[in-house]
Amino acid sequence: MGNSLKAATHVDQGVTCYRKKDYDQAILHLKLAAKYSHRDTMAFYNLGLVYYAKSCFDDAIQQFSHVLQINPKHAEAYINRSLCHFEQGNHAMSISDASHAIKCSLRNEIAHFNRGVAYYSTGNFRRASHDFNAVLVRNKTELRAVKYRALTSQALHHYSRALRDWTSLEKARKTLSDTELSHVAV
């Protein structure tokens, strides 16, 4: 079996373990995959996801950074590294990485949302509002963006916009199940 096939096999096994929340086995397989294929981003990217799931943010940042050394246009690596920085309270780096993800993929709702939350957390409500609007232009039913836009609108004293968003969320609450609404919690 060649090294690239060994690497692919270990990535598949690592992802399977990750989905089962067996993070230690996932790390073992993904490290083996990385050993067999140093230039394949899949092993490092998935290793970053596992470390993020374990709240090992420094390790996750290291893996996503390695992915970006191999492929500087890997938008998902920027998005996930942005989340790690946010979890560590490093909002400036979170904003920077989300901005890079947007440059790599302009129609990136997740990057706009993450950057909006980071801007919101720093009190930069105008920029946060811009990002939440960018999400909602593409997906009017993204309830987390509606909720954050409502909060941002309140902070900017745009009460009519905030009221429309809160009303929209209340209507959604009445029609969606608790499971569907659970992802809206801040």
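Residues numbered from 1 in each chain as written. Predicted model: local features only at pLDDT ≥ 70, side-chain atom pairs only at ≥ 80, totals over all residues. Heavy atoms only, no water.

### What to know about the overall build of the protein chain
The condition is simple: Secondary structure is summarised from DSSP: a helix means a run of H or I of at least four residues, a strand means a run of E of at least two, and numbering begins at the N terminus for each. Exposure classes here rest on a 1.4 Å probe applied to the protein chains alone. A residue is buried below 20% of its type maximum, exposed above 50%, and partly exposed in between. Values of accessible area rely on a 1.4 Å probe in the Shrake-Rupley scheme; residue burial ignores everything except the protein chains shown. In this tally, Asp and Glu contribute negative charge and Lys and Arg positive charge; neither His nor the terminal groups of the chain are included. For the purpose of locating charges, the reference atoms are NZ of Lys, CZ of Arg, CG of Asp and CD of Glu.
Across its full length, the protein chain holds eleven helices and zero strands. Dimensions along the principal axes, computed over C-alpha positions, put the protein chain at roughly 65 × 35 × 25 Å. Looking at the protein chain as a whole, 45% of its 186 residues are labelled buried. For the protein chain, the computed accessible surface area is about 10,300 Å², with 52% contributed by carbon and sulfur atoms. Distance from the positive charge centre (25 side chains) to the negative charge centre (16 side chains) of the protein chain: 6 Å.

### Regarding the packing of aromatic side chains
How we decide: Here is the rule: rings of Phe, Tyr and Trp (six-membered ring for Trp) pair when centre to centre is within 6.5 Å. Planes less than 30 degrees apart are stacked, more than 60 are edge-to-face, and the remainder are tilted.
The final tally for this structure, using the stated rule, is eight aromatic pairs. Relative to phenylalanine 132, the ring of phenylalanine 113 lies with its centre 5.9 Å away and its plane at 55°, an arrangement referred to as tilted. Here phenylalanine 113, found in helix α7 (residues 109–122), pairs with phenylalanine 132, found in helix α8 (residues 125–138); they are 19 residues apart in sequence, far enough to count as distant. Accessibility classification places phenylalanine 113 together with phenylalanine 132 in one group, the buried group. Through pairs of rings, three or more aromatic residues link up here, namely Phe113, Tyr120, Phe125, Phe132 and Tyr148.

### Section: the nonpolar core
Our working rule: For this analysis, a nonpolar core means a set of buried residues of the types Ala, Val, Leu, Ile, Met, Phe, Trp, Tyr and Cys, connected via side-chain atoms within 4.5 Å. Residue contacts are defined here by distance: any two heavy atoms, one from each residue, within 4.5 Å place the two residues in contact.
Grouped together as the largest cluster of nonpolar side chains are 32 residues, with contacts concentrated most on Val11, Tyr45, Val50, Phe64, Ala77, Cys84 and Ala101. The set of elements that each furnish at least two residues to this core consists of α1 (3–19), α2 (23–36), α3 (41–53), α4 (57–70), α5 (75–87) and α6 (91–104). Discounting chain neighbours no more than four positions away, the residues touching valine 50 are Tyr18, Tyr23, Ala26, Ile27 and Leu30. Membership of the second largest hydrophobic core comes to 15 residues, among which are Ala118, Leu136, Leu143 and Ala145.

### Topic: the confidence of the model for the protein chain
Rule in force here: One confidence number per residue, pLDDT, is output by the predictor and ranges from 0 to 100.
Of all residues in the protein chain, 94% attain a pLDDT of 70 or more, and the chain-wide mean is 92. When mean pLDDT is compared element by element in the protein chain, α4 scores highest at 98, while helix α11 (residues 178–181) scores lowest at 52.

### Some words on the environment of cysteine 56
Within the secondary structure layout, cysteine 56 lies in the loop between α3 and α4. For the pair cysteine 56 and asparagine 80, spaced 24 residues apart in the sequence, the C-alpha separation amounts to 13 Å.

### Quick look at α4
Rules: What a helix is expected to span follows from its residue count: subtract one and scale by 1.5 Å.
Between its first and last C-alpha atoms α4 spans 20 Å; for 14 residues at 1.5 Å apiece the expected length is 20 Å, and the two agree. Taken together, the buried residues of α4 touch α3 and α5.

### Structural notes on the state of the cysteines
Put plainly, two cysteines are in a disulfide when a covalent bond ties their sulfur atoms together. This is how the line gets drawn: Two cysteine sulfur atoms form a disulfide, by the criterion used here, when they sit within 2.5 Å.
One pass over the full model with this rule turns up zero disulfides. Unpaired in terms of disulfides, cysteine 84 finds its nearest cysteine sulfur in cysteine 56, a separation of 10 Å. Of the residues examined, cysteine 84 reaches a relative accessible area of 0% and is grouped as buried. Free of any disulfide, cysteine 104 has its nearest cysteine sulfur in cysteine 84, 17 Å distant.

### Remarks on the packing of α5 against α7
As a reminder of what qualifies: Each axis is a line fitted through C-alpha atoms, and for a helix only the stretch in contact is used; angles between axes span 0 to 180 degrees, taken between their N-to-C directions. Angles are sorted into four bins: roughly parallel if under 35 degrees, roughly antiparallel if over 145, roughly perpendicular if 65 to 115, and oblique for all others. Take the far helix as the reference: if the near one is turned anticlockwise from it by less than a right angle, the crossing is left-handed, and if turned clockwise, right-handed. Residues are grouped as follows: Ala, Val, Leu, Ile, Met, Phe, Trp, Tyr, Cys and Pro are nonpolar; Asp, Glu, Lys and Arg are charged; all remaining types, including Gly, are polar.
At a closest axis distance of 10 Å, the pairing of α5 and α7 adopts a crossing angle of 20°. If you check the angle between α5 and α7, you find them roughly parallel. Crossing angle aside, the handedness with which α5 passes α7 is left-handed. In contact with Ile79, Ser82, Leu83 and Phe86 of α5, α7 contributes Ile110, Ala111, Asn114, Val117, Ala118 and Ser121. Looking at the contact of α5 with α7 residue by residue, the classes come out as seven nonpolar, three polar and no charged.

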